[in-house]
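Residue-level listing of the chains:
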Amino acid sequence: MPILFTEVFKDNVLDPLISLLHTEFTRVPIHHDVEFKPHGSFFLRMIPINDNIVEQTTEDQIRNYAIMLRLYRKTPGRVDREDNFRQLMNYTDRLKRLIGNNSNYSPSSTYKWHDGRISSVSFQPDIDEDEAQYQCADALFECTVLV
């Protein structure tokens, strides 16, 4: 008998997170590319990090998911670097507040996740050579899903 499954990472975490981010950051392109691809002078890239089981019963599971939200801000010259960095800090603060306000996320009364949080922010992330033309900030989004 074939098993029935739901794409939990996509349906409960990735797609709802993209939708939530689009409500706050209407002019910031949001992508979830596996490899780095530039998308203008300011954009957000979602990088899935992990999917861990917290608890399993005979009927369901509690899973913890993590996605790195990397903000990119192009830095054309030394003069703009301080302003770009301030913008990155402002965006990460908005991101922390947005996720904090939606830590238990059930749009239209449809459960998606609980305990959503930005657990850490790094303003000095390890970046590839291709990303060096951007200032970056990494925000680690984590949430728990009852499956």
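What you see is a predicted model; the values in this text were computed from it and never measured.

Visitor: Now, about the overall build of the protein: what can you tell me, with residues and values included?
Guide: The helix and strand tally for the protein stands at 2 helices and 5 strands. Taken from N to C terminus, the helices and strands of the protein fall in the order α-β-β-β-α-β-β. Per-residue burial over the protein gives 41% buried out of 147 residues. Long-range pairs, those at least 24 residues apart, make up 61% of the contacts in the protein with a sequence separation of at least 6. If you sum the accessible surface of the protein, you get close to 8900 Å²; carbon and sulfur atoms cover 48% of it.

Visitor: Explain the sheet that holds strand β1 (residues 30-31) to me, and be specific about the residues and the numbers.
Guide: Ordered in space as β1-β2-β3-β5-β4, the 5 strands form an open sheet in which the pairing is mixed. Every interior strand has two partners, whereas the edge strands, β1 and β4 (114-122), have only one.

Visitor: Run through unusual backbone geometry, naming residues and quoting values.
Guide: Its identity as a non-glycine residue notwithstanding, S109 has a phi of 60°, on the positive side. Within the element layout of this structure, S109 appears in the loop between α2 (78-101) and β4. Of note in the backbone geometry, D115 takes a positive phi value of approximately 55° without being a glycine. Its location among the elements puts D115 in strand β4. A relative accessible area of 44% means that D115 is categorised as partly exposed.

Visitor: So what about the packing of aromatic side chains? Which residues, and what values?
Guide: Summed over all chains, the structure comprises 9 aromatic pairs. With a centroid separation of 4.6 Å and an interplanar angle of 70°, the aromatic rings of F42 and Y91 are classed as edge-to-face. On the criterion of sequence distance, the pair formed by F42 in strand β2 (residues 42-56) and Y91 in helix α2 is long-range, its members being 49 residues apart. Accessibility assignment for this pair places F42 and Y91 in one class, buried. Between F43 and Y72 the ring centres are 4.5 Å apart and the planes differ by 15°, which places this aromatic pair in the stacked class. Taken together, the residues F43 in strand β2 and Y72 in strand β3 (residues 61-74) connect sequence positions 29 residues apart. Among the residues examined, F43 registers a relative accessible area of 0% and is labelled buried. Among the aromatic side chains, those forming a connected cluster through ring pairs are F25, F42 and Y91. Over the aromatic face of F42 sits the side chain of R73, whose NZ or CZ is 5.1 Å from the ring centroid.

Parameters and conventions
Residues numbered from 1 in each chain as written. Predicted model: local features only at pLDDT ≥ 70, side-chain atom pairs only at ≥ 80, totals over all residues. Heavy atoms only, no water. Helix = DSSP H or I, 4+ residues; strand = E, 2+ residues; numbered from the N terminus. Buried < 20%, exposed > 50% of the residue type's maximum accessible area, 1.4 Å probe, protein only. Contact = heavy atoms within 4.5 Å. Areas by Shrake-Rupley, 256 points an atom, 1.4 Å probe, with all protein chains shown as cover. Pairing = 2+ DSSP bridges. Phe/Tyr/Trp six-rings, centres within 6.5 Å; stacked < 30°, edge-to-face > 60°. Lys NZ or Arg CZ within 6 Å of the ring centre and 35° of its normal.

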